Amino acid sequence: MDDRVVQRWVLALTAVASVMVTLDLLVVATALSTIRVDLRASLADLEWTINAYSLSYAMLLMTSVTFGDRWGRRRVFTAGLGAFALASVGCALAQSVGALIVARAVQGASAAMIVPQALALLSAAFPAERRGQALGVFAGVTGLAILGGPVVGGAVTQGLAWQWIFWINVPVAVLLLALAPRRIPESFGPNTRLDVCGLVLQGLGALGVVWALVRGNVVGWGSAEVVATLAAGLLLLAAFVWWEARARAPMLPLGLFASRRFSAGNVTIFLLYGALLSEVFFIAQFLQVTLGFGPMLAGLALVPWTVSSAVVAPIAGRVVDRIGERALIMTGLFLQAVGMVWIALIAAPDMAYAALIVPFVLAGAGSSMAIPAAQNAVVSSVPPAAIGTASGAYNALRQFGGAFGVAVLAAVFASTGGYASAQAFSDGFGPAMATAAVLSVLGALAGAAVPVRRRAAGVSRVRGAVPGLRKATSR
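Report on the accompanying structure.

Thresholds applied
Residues numbered from 1 in each chain as written. Predicted model: local features only at pLDDT ≥ 70, side-chain atom pairs only at ≥ 80, totals over all residues. Heavy atoms only, no water. Helix = DSSP H or I, 4+ residues; strand = E, 2+ residues; numbered from the N terminus. Expected span 1.5 Å × (residues − 1). Buried < 20%, exposed > 50% of the residue type's maximum accessible area, 1.4 Å probe, protein only. 1 Å grid on protein atoms, 1.4 Å probe; cavity = no way out; pocket = protein on both sides within 12 Å on 5 of 7 lines; lining within 4 Å. Points joined across faces, edges and corners; volume = space filled by probe spheres on them. Nonpolar A, V, L, I, M, F, W, Y, C, P; charged D, E, K, R; others polar. Axes fitted to C-alpha atoms, helices over the stretch in contact; angles between N-to-C directions. Parallel < 35°, antiparallel > 145°, perpendicular 65-115°, else oblique. Left-handed = near helix turned anticlockwise from the far one by under 90°. Contact = heavy atoms within 4.5 Å.

## Some thoughts on helix α15 (residues 357-379)
Over its 23 residues, α15 runs 34 Å from end to end, which matches the ideal 33 Å to within 8%, given 1.5 Å per residue. The element α15 is largely enclosed, with a buried count of 19 among its 23 residues.

See the structure below:
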C-alpha cells in the first residue's frame, strides 16, 4: 500500500479512537444533573465520575507505553479498544453511583492503552517534516471531542437516556477493532523493563492528592483524613521522582526534562487541561441548574464554543511549525482566561444566554489554539525512540491536570455555593470560573518558557540526557 494511503488510514483510525476515548472523558458533563437525580449522587460523587476516569487513565499511561514498546503498539491499541467497549457496557448497566464510578475507572484504564499508542503509531507513520501537521489534526480533533462531549451527552441524555452515552461506544470500538489490524502497520519501541515501583508510587501519590481535594469540603480541610491523604500523596510523588532518578528502567526518564521545551510543554498542558475540563464540568451544570436548560439545550448552548474550536484547531495545527509553539500557547491561554473572567463577572440566575456567546467563543478558540502547540512542543523535543514515552508523559499530565482542576474548582465552588437553588449554584460558579482563569494564566506563563525550536540541537540534548535511548524499530 502506498505510504500516503497508509498515513491517511493511520491518521483516520487513531483520530477516531481518540475522539471516542476523549468524548467519554466529558460526555457525562451534560448528563451530570440527570445522573445526580437518578442515582442520588452528591457533588463528590459527580467529581468521581470524572476523576475516576482521569486518574486511572493517567496512572496507567506510562506503563501502557512500555507495553506498546515491548509487545507492539498496534497490539496494545486493539486490546485497549476491546476493554474500552466492555467497560462502556458496564457503565451503561450501572444501577448505583458506586458501580458507575468503578466502571468509569475501568474505562480510564482501557483508554490508557489506546491514546499513547495512537499518538506513537501516528508519529511513527509520518516523516518528521509532516509530523507536525498530522499531530495538529489529531490534537484538533481530540480537542473538538472534549468540547463536543457535552453536546453529544446532552442530546443523547434527553433524546434517549443517560445510559446511551456509553452504549454508543460499542459499535465504534467494534469497527475500529475490525480495521486497525488491517490498516495500521505494527511498530515497536525500546524493549524496556516494566517499572512496577514507579507505577505504584505515581498512581497512589496522585490519588492521595486528588482524594484530599475532593474530600476537603466534605470532612473539613483540617481533618485527619484530608491532612493525612494530602501529606501521603505529596510524599509518594516525591518518592516517585527519587525512584525514577535511580531506577535502571524508569517509566519516565527524568533526563527528558533536561529539554526546556519538553518541561514547559508538559507543565502547560497540565494547567491547560486543569482549566478546560473543570470549565466544561461546571458550565454544563450551570446551564441546567441555574438557567434551567434541559440536557439537550445545555449541549446546544455550548455549540459556539465547539464551533470556534473546530475552526481554530486545524489552522493552529497547520501554522504551528511555521510560527512556533510559544506564541500560540500564550495567545490561546490568554484568550481562555479572558473568557473565564468574563463568565465569572456576568454569571447570575437572571442572565440572558446571549451574554455567554462571546466568552464561549474566546475560550473555545483559545484552548484549541494552545492544545496542538503544547502537544507539538512535547513530541518534537525528543528523538524518535522516545516518542512513545513523551506521548505517555504528555497524556498522563493532561489527565492528572484534568483531575486536579476539577477537584480544585469543586473545592472553590463548594466553599461558596451549592445545589440548593439557582442562586446558590451561581454563587459558587463565579469563583470557580475565576479559578479556571487563574489556571489558564499560569499555563500561559509556563508556555512562555517554550524556546524557539531548534529541532536538531534539542534532540541531541535529550538523547545525551537519557542514557540508553535507542532508535525505535519496526518489526
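The rest of the description comes next.
## A short note on the layout of surface pockets
Space left empty within the atom packing is revealed by a probe, the size of a water molecule, rolled over the atoms. Counted as a void, the largest pocket has a volume near 590 Å³. Leu237, Phe240, Phe270, Leu397 and Phe400 are the residues nearest the centre of the largest pocket, which is lined by 22 residues in total. Elements with a minimum of two residues in the lining of the largest pocket: α9 (196-219), α10 (224-246), α11 (260-289) and α16 (387-416). Here the lining of the largest pocket takes 5 residues from α16, the largest share from any one element. Taken together, the residues of the lining of the largest pocket break down into 19 nonpolar, 3 polar and no charged.

## So, the packing of helix α4 (residues 73-93) against helix α8 (residues 169-183)
Across the interface, α4 lies against α8 with an axial gap of 9 Å and an inter-helix angle of 165°. By the angle between their directions, the pair α4 and α8 is classed as roughly antiparallel. The two elements α4 and α8 cross, and the hand of that crossing is left-handed. Of the residues in α8, those touching α4 at Arg74, Phe77, Thr78, Leu81, Gly82, Phe84, Ala85, Ser88 and Val89 are Asn169, Val170, Ala173, Leu176, Leu177, Ala180 and Pro181. When its residues are assigned to classes, the contact of α4 with α8 shows 11 nonpolar, 4 polar and 1 charged.

## Observations concerning the environment of Ser187
Tracing the chain through its elements places Ser187 in the loop between α8 and α9. Each C-alpha atom of the pair Ser187 and Arg70 lies 9.6 Å from the other, and the pair is 117 residues apart in sequence.

## Remarks on the packing of helix α13 (residues 303-323) against α15
Between α13 and α15, whose axes approach to 7 Å, the crossing angle comes to 30°. Considering their axes alone, α13 and α15 lie roughly parallel with respect to each other. Of the two elements, α13 crosses α15, and the hand of that crossing is right-handed. Contacts between α13 and α15 involve Pro304, Trp305, Ser308, Ser309, Val312, Ala313, Ala316, Gly317, Val320 and Asp321 from the first element and Ile357, Phe360, Val361, Ala363, Gly364, Ala365, Ser367, Ser368, Met369, Pro372, Ala373 and Asn376 from the second. Tallied by class, the residues present in the contact of α13 with α15 amount to 14 nonpolar, 7 polar and 1 charged.

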